[in-house]
Amino acid sequence: MEMIYTETAPKAIGPYSQAMKVNDFLFLSGQIPVNPVTNEVVEHDIIQQTNQVMKNIKAILESEGLTLENIIKTTIFIKDMSQFPIINEEYSKYFNEHKPARSTVEVSALPKNVLIEIEAIAYMGQ
């Protein structure tokens, strides 16, 4: 196992790592819409927050020489299921024809009172 850390994604705000590499898999911790430069949550808007989360995921993947095409599974946690169509539209812009397996769950609260959190599993093999 190898713990992964990059300055281009938000620092962990608790006792966990940004990601863990195990054999041919990279397990990304849930990413929230924190700008890694300011260490602040982006505007309280689901479009902006979804895009920041996806940028954070991309940054971690890129630190390991990977792309979004390597993702095989995501889990999306959202505070309001009525915003799912908006989230889905933004999310789909990042994956185009690549469609990882996915689960979406409505939750009562998320860290720093954000609207969305996404975790991912990427395959590093051929």
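Quick caveat, the model's predicted, so the values are computed rather than measured. (Residues numbered from 1 in each chain as written. Predicted model: local features only at pLDDT ≥ 70, side-chain atom pairs only at ≥ 80, totals over all residues. Heavy atoms only, no water.)

## Some thoughts on the nonpolar core
Soluble globular proteins: nonpolar side chains tend toward being buried together.
Thinking step 1. Counting 26 residues, the largest nonpolar core has Ile 57 and Leu 61 as the members making the most contacts within it.
Thinking step 2. Residue assignment for this core shows that the elements contributing at least two residues are strand S3 (25–31), helix H1 (46–63), strand S6 (71–78), helix H2 (84–95) and strand S8 (116–123).
Thinking step 3. Here this core gets 7 residues from one element, more than from any other, and that element is H1.
Thinking step 4. Apart from the residues within four sequence positions on either side, Ile 57 is in contact with Leu 28, Gln 31, Leu 68, Ile 71 and Ile 118. (Core = buried A, V, L, I, M, F, W, Y, C linked by side-chain atoms within 4.5 Å. Buried < 20%, exposed > 50% of the residue type's maximum accessible area, 1.4 Å probe, protein only. Helix = DSSP H or I, 4+ residues; strand = E, 2+ residues; numbered from the N terminus. Contact = heavy atoms within 4.5 Å.)

## Notes on unusual backbone geometry
Thinking step 1. If you check the backbone angles, Lys 112 has positive phi at about 55° while not being a glycine.
Thinking step 2. Position of Lys 112 among the secondary structure elements: in the loop between strand S7 (101–106) and S8.
Thinking step 3. With a phi angle near 60°, Asn 113 is a residue other than glycine that sits in the positive phi range.
Thinking step 4. Tracing the backbone shows Asn 113 in the loop between S7 and S8.

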